[in-house]
Structure formats: C-alpha cells, structure tokens
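# Chain and residue survey
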Amino acid sequence: GAGVSQSPRYKVAKRGQDVALRCDPISGHVSLFWYQQALGQGPEFLTYFQNEAQLDKSGLPSDRFFAERPEGSVSTLKIQRTQQEDSAVYLCASSALVDTQYFGPGTRLTVL
Amino acid sequence: GQQVMQIPQYQHVQEGEDFTTYCNSSTTLSNIQWYKQRPGGHPVFLIQLVKSGEVKKQKRLTFQFGEAKKNSSLHITATQTTDVGTYFCAGREASGTYKYIFGTGTRLKVLA
C-alpha cells in the first residue's frame, strides 16, 4: 500500500488478556518506530527497529511489552497480561532512515 | 532524561490572526521535526530542521531552530479553519540516539 497500515484499528481487551498489534510499514522503509499516545498527550517513544534489529527498546514500560520485526518489514507489538493503564492509542511510524516519520492510523486499545 | 515542553498548551484565535507555538528541550538536539495531528487523526509530518539558526517557510508556516539547538518555534500567519489541530515538535538528542521525544503539543482552535 501507499502508506503505513495498522491492525486492528480498535481492540477491547479484558484485564489480563494478551494482545498483538500489527504494523505494515511503507515498503522499503528501513526504520520503524512504535509510540504510545494517551488521550491529550504527545506520542511517547516505545521502541525502534532498523530493518530486523531492535536498536532501542528503552521506552517499553515493562517486561509485559514486547516488539518484533523478524523479516525487517511487518512489526508486531505484543502486550501480555494487559492492565487498565495500557489503554491508549498505539502508533507505528516508518521512515527511510531516521528522518520523516510516516505514521499509521493507530490502534486504539481499551482494557476493561 | 530529555524533556521537550511546548507552550502554550491551548490557543484559540480568530480566523485571520497569527499563531505561534514554542518548543523547548532540556538537552541539545541533533534535529527537530514538527507534526500536525487533526482531531481523531494521526501525526502528519510537516518539516525537519537540522542546522543551528535554521529558518524554513511553507506557505503561511514559518519554522525556526534556535542557535543553541535547544528550542524551536512554529508561526502561522493569517490562520484558517483548516489549521485546526494539535501541533507537536519532536526532537532527537545530539548524542546519536534514534529516539524522538515528542513535545506536549499545542492545540489550536480557529474561530470563523
């Protein structure tokens, strides 16, 4: 596709459930970022991939959060044992290197 | 850790008035990006500034990067209703990190 896509667009989970959020970056983009955006706040960095290598995961809030990009294209953000404080919009962005970031539409996660 | 603050948090202007948002980083930046996010949408890249003292213009928008590379501003001349949204700056530290830290954002409302 022409842009970054994310799925699902909306996810409702019961507290304690595991969730997996998918990001399809722009074809050929080397860099991929994951962000968490709470209501009324700016995006907060979670992790960064360059191709398949996860070069920075300093923003992952706990060991319940895990991200992968095994073939250097599609990426998955997994959250285990979801908590209410995990409710947010999860944004994925890709870029050719580390410049213009093209954001996907996001996945809105609601944990009940 | 690095912090990026923006002021003001909110701004209401009459259509045709000018608008400015300011971005201040606690650390020296290698570059700064500006994004616009419409209500319910995702961040859309506007511009990137790299050089100390750099000024760039896009039609009615003027972007500046401070001499010390710790602050930036976005000025919109003669606002239009299409300018409504939240404007975020995002800075990358000069230490070689891949991580972008987003500012707190300025929400702009334009009254017709």
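Keep in mind it's a predicted model, so treat the numbers as computed, not measured.

### Overview of the side chain of Arg69(A)
Residues and elements named next belong to chain A. Among the secondary structure elements, Arg69 is positioned in the loop between β7 (65–68) and β8 (75–79). At 2.7 Å, the side chain of Arg69 forms a polar contact with the backbone oxygen of Val30. Those residues within four positions of Arg69 in sequence are excluded, and the remaining contacts are Pro25, His29, Val30, Ser31, Leu32, Phe49, Gln50, Asn51, Glu52, Val74 and Ser75.

### With respect to the interface of chain B and chain A
Every contact between the two is made by 17 residues of chain B and, on the other side, 21 residues of chain A. Counting across the chain B and chain A interface gives 0 salt bridges. Across the contact surface, chain B and chain A share 5 residue pairs in polar contact (both at pLDDT 80 or more). Put simply, the parts of the chain that give the side of chain B that touches chain A at least two residues each are β4 (29–37), β5 (44–49), β9 (85–93) and β10 (100–102) of chain B.

### Topic: the packing of aromatic side chains
Considering all chains together, one arrives at 13 aromatic pairs over all chains under this definition. Judged by centre distance (5.5 Å) and plane angle (40°), the rings of Tyr35(A) and Phe103(A) are tilted. In this pair, Tyr35(A) sits in strand β4 (residues 31–37) while Phe103(A) sits in strand β10 (residues 102–103), placing the two residues 68 residues apart along the sequence. Look at Tyr35(A) and you get buried, because its relative accessible area is 0%. Look at Tyr48(A) and Tyr98(B): their rings are 4.7 Å apart centre to centre, the planes differ by 20°, and that puts the pair in the stacked class. Of the two residues, Tyr48(A) sits in strand β5 (residues 44–50) while Tyr98(B) sits in the loop between β9 and β10, which places them in two different chains. Cluster of aromatic residues (ring-pair linked, three or more members): Phe33(A), Tyr35(A), Phe45(A), Tyr48(A), Phe103(A), Tyr35(B), Phe45(B), Phe88(B), Tyr98(B), Tyr100(B) and Phe102(B).

### What about the pattern of salt bridges?
Residue and element names in this part refer to chain A. A complete count under the given rule lists 5 salt bridges over all chains for this structure. One salt bridge in this structure joins Asp24 and Arg22, with 2.7 Å as the shortest N-O distance. With a relative accessible area of 22%, Asp24 lands in the partly exposed category. Take Arg22: its relative accessible area is 38%, and that puts it in the partly exposed class. Here Asp86 ties to Arg64 by a salt bridge, and the two come within 2.8 Å at their closest N and O atoms. Residue Asp86 is located in the loop between β8 and β9 (88–95), and its partner Arg64 is located in the loop between β6 (53–56) and β7; the two are separated by 22 residues in the primary sequence.

### Topic: the state of the cysteines
Working definition of a disulfide: a covalent bond connecting the sulfur atoms of two cysteines. Tallied over the full model, the rule gives 2 disulfides over all chains. Linked covalently through their sulfurs, Cys23(A) and Cys92(A) form a disulfide whose S-S length is 1.8 Å. Sign of the S-S torsion, about -60° for the bond between Cys23(A) and Cys92(A), identifies this disulfide as left-handed. Linking Cys23(A) in strand β3 (residues 19–24) with Cys92(A) in strand β9, this pair joins segments that are 69 residues apart in sequence. Here Cys23(B) engages in a disulfide with Cys89(B); their sulfurs sit 2.0 Å apart. Every disulfide takes its handedness from the sign of the S-S torsion; for Cys23(B) and Cys89(B) that torsion is 75°, giving right-handed. Here Cys89(B) lies in strand β9 and Cys23(B) lies in strand β3 (residues 19–25), a separation of 66 residues in the sequence. Each member of the pair Cys23(B) and Cys89(B) is classed as buried.

### Remarks on unusual backbone geometry
Omega for the bond connecting Ser7(A) with Pro8(A) falls within 30 degrees of zero, at -10°, which places this linkage in the cis form. Checked against the element boundaries, Pro8(A) lands in the loop between β1 (5–7) and β2 (10–13). With omega at -5°, the peptide bond leading from Ile7(B) into Pro8(B) counts as cis. Here Pro8(B) shows up in the loop between β1 (4–7) and β2 (10–14). In the Ramachandran plot, Arg81(A) falls in the positive-phi region, its phi being about 45° despite a non-glycine side chain. Structurally, the position occupied by Arg81(A) is in the loop between β8 and β9. Even without a glycine there, the phi angle at Ala78(B) is positive, about 50°. Relative to the assigned elements, Ala78(B) resides in the loop between β8 (71–76) and β9.

About the thresholds
Residues numbered from 1 in each chain as written. Chains lettered and ligands numbered in written order. Predicted model: local features only at pLDDT ≥ 70, side-chain atom pairs only at ≥ 80, totals over all residues. Heavy atoms only, no water. Helix = DSSP H or I, 4+ residues; strand = E, 2+ residues; numbered from the N terminus. Polar contact = N/O pair within 3.5 Å; in protein donor to acceptor, adjacent residues only side chain to side chain. Contact = heavy atoms within 4.5 Å. Salt bridge = Lys/Arg side-chain N within 4 Å of Asp/Glu carboxyl O. Phe/Tyr/Trp six-rings, centres within 6.5 Å; stacked < 30°, edge-to-face > 60°. Buried < 20%, exposed > 50% of the residue type's maximum accessible area, 1.4 Å probe, protein only. Disulfide = S-S within 2.5 Å.

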